[in-house]
Amino acid sequence: MSVNHRPPEEPAPPAAAAQPRSLAEQLRARDDASLAALLQARPDLITPVPTDLTQLATRAGTRASVVRALEHLDRFALQTAEALAVAPDPAAYDTLLALLAGDEGDPEVTGALPRALATLREQALVWGADDRLRLVRTARELLAPSPQHPSPTGLGPTVAEATAGMSPGRIQEILATAGLPTTHDAVSAVVSLTELFTDRRRMRALLDGAPADSLEVLSRLVWGPPYGQVTADPAPRLRWLLDRGLLLPTAPGTVVLPREVALHLRAGRAHQKTEPLPPDVEPAVTHRPQVVDATAAGQAYTALATVEELLKDWDEGGPAVLRAGGLSVRDLKRTAVALDVPEPIAAFWVELAYAAGLLASDDEADEQYAATPAYDAWLELPAAERWTRLATAWLTATRTPGLVGGRDAKDRTLSALGPGLDRSAAPEVRHRVLALLAALPEGGSAAADSLITRLHWERPLRNPESQTRTDDLRARLARWALSEAELLGITGRGALSTHGRALLATPPEAPLTGAELAAAASRAGRVLAPLLPAPLGHVLLQADLTAVAPGPLERPLADMLGVLADVESKGGATVYRFTPGSVRRALDAGRSASDLHAFLAAHSSTPVPQPLTYLIDDVARRHGHLRIGAASAYVRCDDDALLNEILADKRSADLRLRRLAPTVLAAQSDPATLLEGLRAMGFAPAAESAEGDVLIARAHAHRTPPRTAPEPVPEGPPVPDATLLTAAIRAIRAGDLASTAPRKAAAAPAANGSLPRTTSAETLATMQAAVLTGEPLWIGYVNAEGSASQRVIAPIRVEGGFVTAYDHTADEVRTYPLHRITGVAELADGPA
């Protein structure tokens, strides 16, 4: 224990005279790069910009800010903070190292501690030199043990804390039973007992004489929780411990294991398992990179086709919007059936289209979901660019499809496209999962449990206030990220693809934003483009009235074929089936039989089969032979035998037809119902206008007004950019100069940092004198909005009720109205 564990590169502790007296003083000694690192790590400190370093230090110690900072520590940095919370305040570096490494030492802990301590110092959670390390007060309150919130280390209070309410006589009895000489007061008695419990040799001797069942009690409490229950008449094994202070009463019926005793039993360790190094993510299976890229590219193409199919299904207007927002369970099921996927996967595709700005509500009276105008522009992009739009939307979206079907805090069901799905941690977890996959050898996939173990090390603490470590949101987000990346084609067979790597930074530790993300997406698109199958301009027509598309089709061909035939199966090759109904659909859309024959002949790599030719001609011959218009509704036909056939058919009874003339039947149903009824009976009627012209039934594409993609919900304030950091640090230092500049005693203002107060005449005279001497002044100033501030200025001229001066606080020349200056004071020395 006497060995100095400080690493060789650590500088010697500074002299006592150079010790900072507060966090503000230590921040004042930092350079601009160090302050910038603090503000980047804790962006909440810069919102709004502090007026000086004292205010920055105060803000860094507020409860909300400290909780947020603790949430973003890795496991070992957090364990270091937890060890400092149970160490004496202040603590020496060697004391902290002993708590983490134990009596026997640990080379990994010794090597990792300087990094962890540097992280805590950088984030202003720890201050002071190595011989006087101090955890900020709020962090100590959050992490130190108490009966309400046991320490994460499992340690209890010290002997001094546990005996604070104990009678002096009882303390003397404990000393006597423990073999220590009695003292004249309770304070020295507690010191004597503490020295016994921290002396390894004397403690071993004391415990060597303990009964075995008493030692068994200690073993149950040693790693926490340190509290236990006792009866009014404790058993002998407990009485032996209570008499010697190895257990101390804290309340009626409750005892606690003192911290010093627990540390002896733990061989000096504050934690049962110290984790100085992150666990490795080992590859589960390694595939050839070419196989990974091909698999991912195939899935990327499937992702594009699925989104297109979804929005094509909603082309004429999608499901209605629930009153509370989102899709109903029934509509989600219908969508899942249409896409031929499970409901959770359907929710993912719906949310992805929404995040990419391709889908939104139309905000009409009967509100429903529909494609946005951006969808039409998206369809015109090359396939690789369409994919990058989806991939970047997924990377940055905070909406979490995996939550669909779950319950919110008020026990309401969370619906797709509804409120309550935003989780601000989702983008960071997705990026981190991909970054960990990128660290594996090319083609390597990782087991989900291995990734989650690593993520738990990197961000172990979710709620420092309650010390809860069971929150599994990050674990669920990581599992969803793995499956969603596979669905999107960012990964293939669980391994990160080449175009997936291009989406990340180099190195990929920090998420990309703005222009960097756009550049990465463009890079990924260029890598993916050669891997995607080229669109085909032909299909294979077969005699069984089917057409096989051996790959993706060019858009005009795919659109026309989607009208002329029904999709029978999807996969690597799509199979279309021609039916009388599908051919009639094409004729209703205004195509003639000759148009259809010419289209098939132009786009078939095989001769058009005779059965398909006969099918088109047969449907076309009957198409429009019957004409339906609006009287209420009527049917007219030159062939009265055909009308007789309709009247004789029992299935026409619901249409309530009657003959008006040899070639005309009247119906009491509306034209649309009559049209569908006759088609269901096997006829091929055509609708006609009031002028007798055939109505061409083309699908009407319903679009929302222009919409922007939903904005991600940020996890706290945004990280400041370089420009904001530079300006903020400059303002903080200038404000600090104004607040700390020494003033002459004769002109000193009121205490507690209040603004100087002088009369108008005194202010004017002092300003004029400073113009002649060039001396800087300290002024109080109230702007037009009524905000008061203090500034250090060097007056240049005074005229017309204004003073023009070089403002050291703003680092520029400014003009101030004299009537807004509350007072002026001379400085002992000019500002540096």
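Residues numbered from 1 in each chain as written. Predicted model: local features only at pLDDT ≥ 70, side-chain atom pairs only at ≥ 80, totals over all residues. Heavy atoms only, no water.

S.K.: I'd love a proper account of the overall build of the protein chain, names of residues and values included.
M.R.: A tally of regular secondary structure across the protein chain gives 33 helices and 25 strands. A burial count over the protein chain gives 47% of its 832 residues as buried. For the protein chain, the share of sequence-separated contacts (at least 6 apart) that also reach a separation of at least 24 residues comes to 66%. Summed over its atoms, the accessible surface of the protein chain is roughly 38900 Å², and 55% of this surface lies on carbon and sulfur atoms. (Helix = DSSP H or I, 4+ residues; strand = E, 2+ residues; numbered from the N terminus. Buried < 20%, exposed > 50% of the residue type's maximum accessible area, 1.4 Å probe, protein only. Contact = heavy atoms within 4.5 Å. Areas by Shrake-Rupley, 256 points an atom, 1.4 Å probe, with all protein chains shown as cover.)

S.K.: Tell me about a negative patch on the surface, residues and numbers included.
M.R.: A cluster of like negative charges, contributed by Asp638, Asp639, Asp640 and Glu645, occupies part of the molecular surface. Within the secondary structure layout, aspartate 639 lies in the loop between strand S17 (633-636) and helix H30 (640-648). (Patch = residues over 30% accessible without salt bridge, like charges linked within 9 Å, V, L, I, M, F, W, Y side chains within 5 Å. Salt bridge = Lys/Arg side-chain N within 4 Å of Asp/Glu carboxyl O. Lys, Arg positive; Asp, Glu negative; His and termini not counted. Charge placed at Lys NZ, Arg CZ, Asp CG, Glu CD.)

S.K.: Let's hear about the nonpolar core: which residues, and what values?
M.R.: Phe197, Leu246 and Leu247 are the most contacted members of the largest nonpolar core, which totals 92 residues. Not counting chain neighbours up to four residues away, the residues in contact with leucine 246 comprise Phe197, Met203, Leu206, Leu207, Leu218, Trp240, Leu241, Val256, Leu257, Pro258 and Val261. Val281, Ala346, Leu421 and Ala524 belong to the second-largest nonpolar core, a separate cluster that totals 74 residues. (Core = buried A, V, L, I, M, F, W, Y, C linked by side-chain atoms within 4.5 Å.)

S.K.: I'd like a description of unusual backbone geometry, backed by residues and values.
M.R.: For the peptide bond that leads from threonine 47 to proline 48, omega is -10°, which places it in the cis range. In this structure, proline 90 follows aspartate 89 across a cis peptide bond, with omega equal to 0°. In this fold, proline 90 is placed in the loop between helix H5 (75-86) and helix H6 (93-101). Its identity as a non-glycine residue notwithstanding, aspartate 411 has a phi of 65°, on the positive side.

S.K.: So, the packing of H5 against helix H7 (residues 107-122): which residues are in play, and what are the values?
M.R.: The geometry of H5 relative to H7 is characterised by a closest axis approach of 9 Å and an angle of 80° between their N-to-C directions. In terms of axis orientation, H5 runs roughly perpendicular to H7. Of the residues in H7, those touching H5 at Phe76, Ala77, Thr80 and Ala81 are Val109, Ala112, Leu113, Arg115, Ala116 and Leu120. Its residues placed into classes, the contact of H5 with H7 shows 8 nonpolar, 1 polar and 1 charged. (Axes fitted to C-alpha atoms, helices over the stretch in contact; angles between N-to-C directions. Parallel < 35°, antiparallel > 145°, perpendicular 65-115°, else oblique. Nonpolar A, V, L, I, M, F, W, Y, C, P; charged D, E, K, R; others polar.)

S.K.: Break down the pairing of strand S25 (residues 821-826) for me, citing the residues and quoting the values.
M.R.: A regular strand places its side chains on the two faces of the sheet in alternate fashion. Burial within S25 is extensive, with 5 of its 6 residues counted as buried. In the sheet, strand S21 (residues 777-782) pairs with S25 via 5 bridges, with the strands oriented antiparallel. Across the sheet, isoleucine 779 pairs through a bridge with valine 824, a residue of S25. (Pairing = 2+ DSSP bridges.)

S.K.: Run through helix H17 (residues 329-339), naming residues and quoting values.
M.R.: Among the residues of H17, those classed as buried are Asp331, Leu332, Thr335, Ala336 and Leu339. For H17, the arc enclosing every buried residue in end-on projection is 140°, short of the 170-degree limit, so these residues lie on one face. Of the residues in H17, the exposed ones pointing more than 90 degrees away from the buried face are Val329, Arg330, Arg334 and Val337. On its buried face, H17 is in contact with helix H16 (289-313) and helix H18 (343-355). Of the residues trailing H17, aspartate 340 is marked for its positive phi of about 60°. (Arc of directions from axis to C-beta.)

S.K.: Any details on the environment of alanine 360? Residues and values, ideally.
M.R.: Mapped onto the fold, alanine 360 is located in strand S7 (residues 359-361). Since its relative accessible area comes to 8%, alanine 360 is described here as buried. Residues alanine 360 and leucine 417 lie 57 residues apart in sequence; the distance between their C-alpha atoms is 8.8 Å. Setting aside residues up to four positions removed in sequence, alanine 360 forms contacts with Gln368, Tyr369, Ala370, Thr372, Thr704 and Arg707.

S.K.: Describe the packing of aromatic side chains, naming the residues involved and giving the relevant values.
M.R.: Enumeration over the complete set of coordinates arrives at 3 aromatic pairs. Ring plane angle 70° and centroid distance 4.8 Å describe the contact between tyrosine 781 and tyrosine 816, whose orientation is recorded as edge-to-face. In this pair, tyrosine 781 is assigned in strand S21 and tyrosine 816 in strand S24 (residues 812-817), connecting sequence segments 35 residues apart. Take tyrosine 781: its relative accessible area is 11%, and that puts it in the buried class. Residue tyrosine 816 is classed as buried on the basis of its relative accessible area, which comes to 3%. When the ring centre of tryptophan 378 is taken as origin, the NZ or CZ atom of arginine 386, which lies over that ring, is 5.5 Å away. (Phe/Tyr/Trp six-rings, centres within 6.5 Å; stacked < 30°, edge-to-face > 60°. Lys NZ or Arg CZ within 6 Å of the ring centre and 35° of its normal.)

S.K.: Explain empty space enclosed by the protein to me, and be specific about the residues and the numbers.
M.R.: Under the counting rule described, the total for this entry stands at 3 cavities of 30 Å³ or more. A volume near 70 Å³ is recorded for the largest cavity. Surrounding the largest cavity, Phe348, Glu351, Leu352, Ala355, Trp394, Ala397, Arg399, Pro401 and Arg430 form its lining. Residues that form the lining of the largest cavity fall into these classes: 6 nonpolar, no polar and 3 charged. (1 Å grid on protein atoms, 1.4 Å probe; cavity = no way out; pocket = protein on both sides within 12 Å on 5 of 7 lines; lining within 4 Å. Points joined across faces, edges and corners; volume = space filled by probe spheres on them.)

S.K.: Explain the pattern of salt bridges residue by residue, including any values.
M.R.: For the coordinates displayed, the defined rule picks out 39 salt bridges. The salt bridge partner of arginine 140 is aspartate 89, with a shortest N-O separation of 3.9 Å. Note that arginine 140 is positioned in helix H8 (residues 137-143) and aspartate 89 in the loop between H5 and H6, a separation of 51 residues in sequence. The class of aspartate 89 is partly exposed, set by a relative accessible area of 41%. Of the charged contacts, one joins arginine 200 and aspartate 103 as a salt bridge, the two residues approaching to 2.8 Å between their closest N and O atoms. Linking arginine 200 in helix H12 (residues 200-208) with aspartate 103 in the loop between H6 and H7, this pair joins segments that are 97 residues apart in sequence. Through salt bridges with shared partners, a single network forms among Arg170, Glu173, Arg239 and Asp243.

S.K.: Run through the sheet that holds strand S22 (residues 788-799), naming residues and quoting values.
M.R.: As summarised here, the arrangement of the 5 strands in space is S24-S23-S22-S21-S25, forming an open sheet in which the pairing is antiparallel. Both outer strands of the open sheet, S24 and S25, are each paired with one neighbouring strand and no more. Within the sheet, the average angular offset between the axes of one strand and its neighbour, ignoring direction, is 45°. Alignment of S22 against strand S23 (residues 802-807), held across 6 bridges, turns out to be antiparallel. When the bridges of S23 are listed, valine 798 appears paired with valine 803. Of the strands in this sheet, S21, S22, S23 and S25 are in contact with helix H33 (residues 760-773), which crosses S22 at around 60°.

S.K.: Let's hear about the environment of valine 713: which residues, and what values?
M.R.: With respect to the element layout, valine 713 can be found in the loop between strand S20 (686-687) and helix H32 (722-740). A residue is classified by how much of its surface remains accessible, and valine 713, at 37% relative accessible area, is partly exposed. For the pair formed by valine 713 and alanine 425, sequence separation is 288 residues and the distance between their alpha carbons is 9.2 Å. Among residues more than four places away in sequence, those in contact with valine 713 are Thr398, Asp422 and Ser424.

S.K.: I'd love a proper account of the confidence of the model for the protein chain, names of residues and values included.
M.R.: Should pLDDT be low for a region, the predicted coordinates there are not to be read in detail. Mean pLDDT for the protein chain: 85, with 90% of residues reaching 70 or above. A low-confidence stretch, residues 1-17 stays under pLDDT 50, and its non-local contacts, those more than four residues away or across chains, total 21 contacts. Segment residues 745-752 is flagged for pLDDT under 50; beyond a separation of four residues in sequence, or across chains, it makes 6 contacts in the model. (pLDDT = per-residue confidence, 0-100.)

S.K.: Just give me the short version of the packing of helix H27 (residues 580-588) against helix H29 (residues 610-622), but keep the residues and values in it.
M.R.: At a minimum axis distance of 10 Å, the contact between H27 and H29 shows a crossing angle of 60°. Judged by the angle between their axes, H27 and H29 are oblique. Relative to H29, H27 is oriented so that their crossing is right-handed. Residues Pro580, Val583, Arg584 and Leu587 of H27 form the contact with H29, whose participating residues are Leu615, Ile616, Val619 and Ala620. (Left-handed = near helix turned anticlockwise from the far one by under 90°.)

S.K.: Run through H33, naming residues and quoting values.
M.R.: Its 14 residues place the ends of H33 20 Å apart at the C-alpha level, agreeing with the 20 Å of an ideal helix rising 1.5 Å per residue. When we look at burial in H33, the residues that qualify are Thr763, Met767 and Ala770. Looking down the long axis of H33, one finds its buried residues gathered within 65° of arc, a one-sided arrangement. Turned more than 90 degrees off the buried face of H33, the exposed positions are Ala761, Leu772 and Thr773. (Expected span 1.5 Å × (residues − 1).)

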